[in-house]
Amino acid sequence: MEKNYNVTEQDKVFMREAIRLANESCENGGGPFGAVIVKDGEIVAGASNSVTIDNDPTAHAEVNAIRKACKKLGTFDLTGCVVYTSCEPCPLCLGALYWAHIKKIYYGNSKKDAADIDFADDFIYAELAKPYHLRNIPMIHILSDEAISTFKKWTAKSDKTEY
């Protein structure tokens with residue numbers, strides 16, 4: 001059952017800024033996506049998609065906004081922040097938003113709307129459900145007995161920064 005969230009006029013203002021960034025991105029050669037990160041009712045960072053501009057397949061609007069917000073706030077933890085994004089986050093962005101500890105995500109366009117303009121992510125969800133040996137990109141598990149030594153060092157480290 002879906003929760004009923006009260007959408008405020010302020011939420012609409014933040015979403016319109018994300019949409020503005022998406023429109024600006026289209027005009028400047030980027031993808032049609034924009035996002036803003038808000039903390040305590042103030043925009044901390046806003047960004048658009050710059051995949052083609054930066055030649056970076058991870059330069060999605062939400063990821064770019066996370067990077068800017070973290071730099072501005074001097075932290076890798078965006079607990080308490082809210083994201084307003086012009087489109088429902090793709091798997092990359094959704095994962096990044098979870099890792100950043102975002103409190104809430106508001107989105108404009110749906111993933112179906114994105115698929116309708118050839119930004120479809122269903123193939124990623126399908127790939128994740130497949131056993132490794134059936135995936136389109138081969139995943140080969142090697143040297144686990146050597147690689148595990150790093151995890152053992154991490155576990156034993158007394159001055160590590162948890163994230």
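The following paragraphs examine the structure supplied in this document. Bear in mind the structure is a predicted one, so any value in this text is a computation, not a measurement. (Residues numbered from 1 in each chain as written. Predicted model: local features only at pLDDT ≥ 70, side-chain atom pairs only at ≥ 80, totals over all residues. Heavy atoms only, no water.)

1. Regarding the overall build of the protein
- Across its full length, the protein carries seven helices and four strands.
- With the principal axes as the frame, the protein shows a C-alpha extent of 55 × 40 × 40 Å.
- Classification of the 163 residues of the protein by burial places 30% in the buried group.
- When contacts within the protein are restricted to residue pairs at least 6 apart in sequence, long-range pairs at least 24 apart make up 46% of them.
- As presented, the protein carries roughly 11,400 Å² of accessible surface, and 57% of it is formed by carbon and sulfur atoms.
- Within the protein, one finds 19 positive and 23 negative side-chain charges whose respective centroids are separated by 6 Å. (Helix = DSSP H or I, 4+ residues; strand = E, 2+ residues; numbered from the N terminus. Buried < 20%, exposed > 50% of the residue type's maximum accessible area, 1.4 Å probe, protein only. Contact = heavy atoms within 4.5 Å. Areas by Shrake-Rupley, 256 points an atom, 1.4 Å probe, with all protein chains shown as cover. Lys, Arg positive; Asp, Glu negative; His and termini not counted. Charge placed at Lys NZ, Arg CZ, Asp CG, Glu CD.)

2. Some points on the pairing of strand E4 (residues 104–109)
- In the sheet, strand E3 (residues 82–87) pairs with E4 via five bridges, with the strands oriented parallel. Each bridged residue has a counterpart across the sheet, and for Val 82 the counterpart in E4 is Lys 104. (Pairing = 2+ DSSP bridges.)

3. Points about the nonpolar core
- Ranked by size, the top nonpolar core spans 19 residues in total, and within it Ile 37, Ile 66, Ala 69, Leu 78 and Ile 102 carry the most contacts.
- With nine residues, the next largest nonpolar core counts Ala 18, Val 38, Val 82 and Tyr 106 among its residues. (Core = buried A, V, L, I, M, F, W, Y, C linked by side-chain atoms within 4.5 Å.)

4. So, the sheet that holds E3
- The strand order across the open sheet built from four strands is E2-E1-E3-E4, with neighbouring strands paired in mixed fashion. Edge strands, defined here as strands with exactly one partner in the open sheet, are strand E2 (42–48) and E4. Between one strand axis and the next, the sheet turns through 15° on average, direction left out of account.
- With six bridges connecting them, strand E1 (residues 34–39) and E2 associate as antiparallel partners. Bridging from a neighbouring strand, Ala 35 pairs with Ala 47 of E2. (Axes fitted to C-alpha atoms, helices over the stretch in contact; angles between N-to-C directions.)

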